[in-house]
Amino acid sequence: IPDLMFSLVITSTGTTPIEVASGQTVKLDCQFNLAQADSGPLDIEWSLLAADNQNEDKVVILYSGDRVYENYYPPMKDRVHFSTPDPKNGDASINLSMLKSSDSGTYQCKVKKAPGISSRKMQLIVMVRPSKPRCTTEGQAEEGKNIVLRCSTPEGTKPIQYKWDKITDSKLLPASAVLDPVEGTINVRNVSTSASGTYRCVASNRVGTDECLLVLKVTPPQNTAGMIAGIIITLLLLLLIVAILVFCWLRVRRRKKYEKEICNEIREDVPPPKSRISTARSFTIGSQRSSLGSMSPSNLPEYTLKSQYDKIPSSEEYERPPSQAPLPPPSAMRMGGPSLNRMGAIPVMIPAQNRDGSIV
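Residues numbered from 1 in each chain as written. Predicted model: local features only at pLDDT ≥ 70, side-chain atom pairs only at ≥ 80, totals over all residues. Heavy atoms only, no water.

### What to know about unusual backbone geometry
Cis geometry marks the peptide bond from A114 to P115, where omega comes out at 5°. Take P115: it is sitting in the loop between β10 (105–113) and β11 (116–127). A cis amide bond links K158 to the next residue, P159, at an omega of 5°. Mapped onto the secondary structure, P159 falls in the loop between β13 (147–152) and β14 (161–166). The backbone of M98 shows a phi angle near 50°, a positive value even though the residue is not glycine. Relative to the helices and strands, M98 is located in the loop between β9 (94–96) and β10. In this model, K171 sits at a positive phi of 60°, which is unusual for a non-glycine residue. Along the chain, K171 falls in the loop between β14 and β15 (177–180). (Helix = DSSP H or I, 4+ residues; strand = E, 2+ residues; numbered from the N terminus.)

### Examining the environment of Y69
Relative to the helices and strands, Y69 resides in strand β7 (residues 67–69). The exposure class of Y69 is partly exposed, given its relative accessible area of 31%. Discounting residues that sit within four places of it in the chain, Y69 has contacts with I61, L62 and S64. (Buried < 20%, exposed > 50% of the residue type's maximum accessible area, 1.4 Å probe, protein only. Contact = heavy atoms within 4.5 Å.)

### With respect to the sheet that holds strand β17 (residues 197–205)
Ordered in space as β14-β17-β18, the three strands form an open sheet in which the pairing is antiparallel. A strand with exactly one partner marks an edge of an open sheet, and here the two such strands are β14 and β18 (208–216). Each adjacent strand pair in this sheet contributes to an overall mean axis angle of 20°, direction not counted. As judged from the nine bridges shared by β17 and β18, these two strands associate in the antiparallel manner. Across the sheet, the residue bridging to C201 is C212, located in β18. (Pairing = 2+ DSSP bridges. Axes fitted to C-alpha atoms, helices over the stretch in contact; angles between N-to-C directions.)

### Considerations on the pairing of strand β6 (residues 58–64)
As paired elements, strand β5 (residues 42–48) and β6 share six bridges and run antiparallel to each other. Counterpart to E45 in the pairing with β6 is L62. Sheet topology note: the β6/β7 ladder contains three bridges and is antiparallel. Paired with S64 across the bridge in β7 is R67. Hairpin connection of β6 to β7: two residues between the antiparallel strands, including G65 at a positive phi of 60°.

### Quick notes on the UniProt feature "transmembrane region" (unreviewed entry) in the protein
Mapped onto this structure's residue numbering, the UniProt feature "transmembrane region" (unreviewed entry) falls at residues 227–250. Annotation note: span residues 227–250, helix share 100%, strand share 0%, distance between end C-alpha atoms 35 Å. (UniProt positions renumbered as here; feature names shortened; annotations may be inferred.)

### A few points about the sheet that holds β6
Read from one edge of the open sheet, six strands run β2-β11-β10-β5-β6-β7, paired in mixed fashion. Looking at the sheet topology across the chains shown, the edges are occupied by β2 (18–21) and β7. The mean angle between the axes of side-by-side strands here comes to 20°, regardless of whether they run parallel or antiparallel. Relative to β11, β2 runs parallel, the two being bridged by four bridges. Note on β11: the bridge partner recorded for I18 is L124.

### Re the pairing of β11
Taken residue by residue, a regular strand's side chains alternate between the two faces of the sheet. Across nine bridges, β10 lies against β11 in antiparallel orientation. Note on β11: the bridge partner recorded for C109 is R120. Between β10 and β11, which pair antiparallel one after the other, the connecting turn spans two residues.

### Digging into the nonpolar core
Within the largest apolar cluster, 28 residues are counted, with the highest numbers of intra-cluster contacts made by L28, I44, W46, L96, Y107, V111 and L124. If you list the elements that add at least two residues to this core, you get β3 (26–28), β5, β6, β8 (80–82), β9, β10 and β11. Ranked by residue count, the leading element in this core is β5, at four residues. With 20 residues, the next largest nonpolar core counts I147, L149, C201 and V218 among its residues. (Core = buried A, V, L, I, M, F, W, Y, C linked by side-chain atoms within 4.5 Å.)

### Some words on the state of the cysteines
For the structure on display, the rule yields three disulfides. Paired through a disulfide, C135 and C212 show a sulfur-sulfur distance of 1.8 Å. Around the S-S axis, the bridge from C135 to C212 shows a dihedral of about 65° and counts as right-handed. Taken together, the residues span a long stretch of sequence, with C135 in strand β12 (residues 134–138) and C212 in strand β18 at a distance of 77 residues. The exposure classification of C135 matches that of C212, with both residues buried. (Disulfide = S-S within 2.5 Å.)

Right under this line is the structure:
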C-alpha cells in the first residue's frame, strides 16, 4: 500500500490476446492511478511496437500538455480516439474503429507523471472472416469413377475449418466419402448415382462463417467400345467418299485431256475433201482459148454432156499439184450449159458478132 501511495500505477490487467473481426471496433483498456508525489505534467502515449528490433515503434496517439494528438499515425487517421474526453482523470483507454488486418500487433500504453511512470502491453489480433468459399468438383462424375469435392476460400484468418453436408435426398454423405476439414475436401471412391444431389460446404473461423453449394450429378458409364466403333466407321466412310471424289475427278480430267488430243490430231490417212478446182480450171482454160466468135451462140454446139467428162476425178488427180495436172483435150473445152451449171460455173452474157467481127 505505501508503494501505491507514492508511485503511478496502471490498474488494468489481463495478458490474453484480444481477437476481433475486421471492420469492427475494439477498446484497448488502460486505467491508471496517480500518486501524491506525482506532481509533473501528465503524458500519455500509445504506440504500436515493432515486430523486430530493426524497425522503430510507431506512436499511434498522444496526450501531452493537456492536449490530444489523435492523427499522429497516418494509417490510423480518424480511426483512433481516447475513450474519455479528459484522459487525466485516470482513463487512458483508446478505441480503434474499422479494424484492418494490418492493425494486428502489440500495443503499449505508457503513462508518465514525474516522477512516476508506468506502462502496459497487450496483443491485438484482427481476424478476417472467411470470404465466400468456392465449391468445385475434380474428376469425371461418372458411375464407378473417383471424384473429389473441394471447398476453398481466398480470404480469411487461419485456422479455417471446412464442413460438408448433403442437403437433398437422404442427406447422408456417400459411404466411401473421406473428409478433410482442414483442406476442405471430400474424396469419394467408386461413386454411384445415389451420390447425386446438392452439397453444402461451410467455412468458418473464430470470427465468422460463410458457405457455398455444389450440385453433383453422377451419370451412368458410357459405352466406350460403341463410341470407338462409331468413330472408326465414320472415318472409313469419310475416306471412302474422298476416294470416290478423287477417282471421279481423275476420270473427268483424263477424258478432257483425251478429247483435246483427238481434236488436235491430224489424221494422215483421210484424203482432203473433194473440190471443183480442176473442173473450174478446165473451164477457165477453155474460155481463155476461145475467141468471141467461137463462143457466140451461133457457133456453140448443142448443149450435150459427153459421158467422159461426167467422171469424177480420182484422189490422185486431186493430190497432183496444178503444175502437173494434164490439160484436157481442146474438144473437151466446149461444154454444154447444164454441165457447166453442175460444176458451179456462173453464166456470162456474150454479145453477138457479125462475120466481120463487129458487135451487133
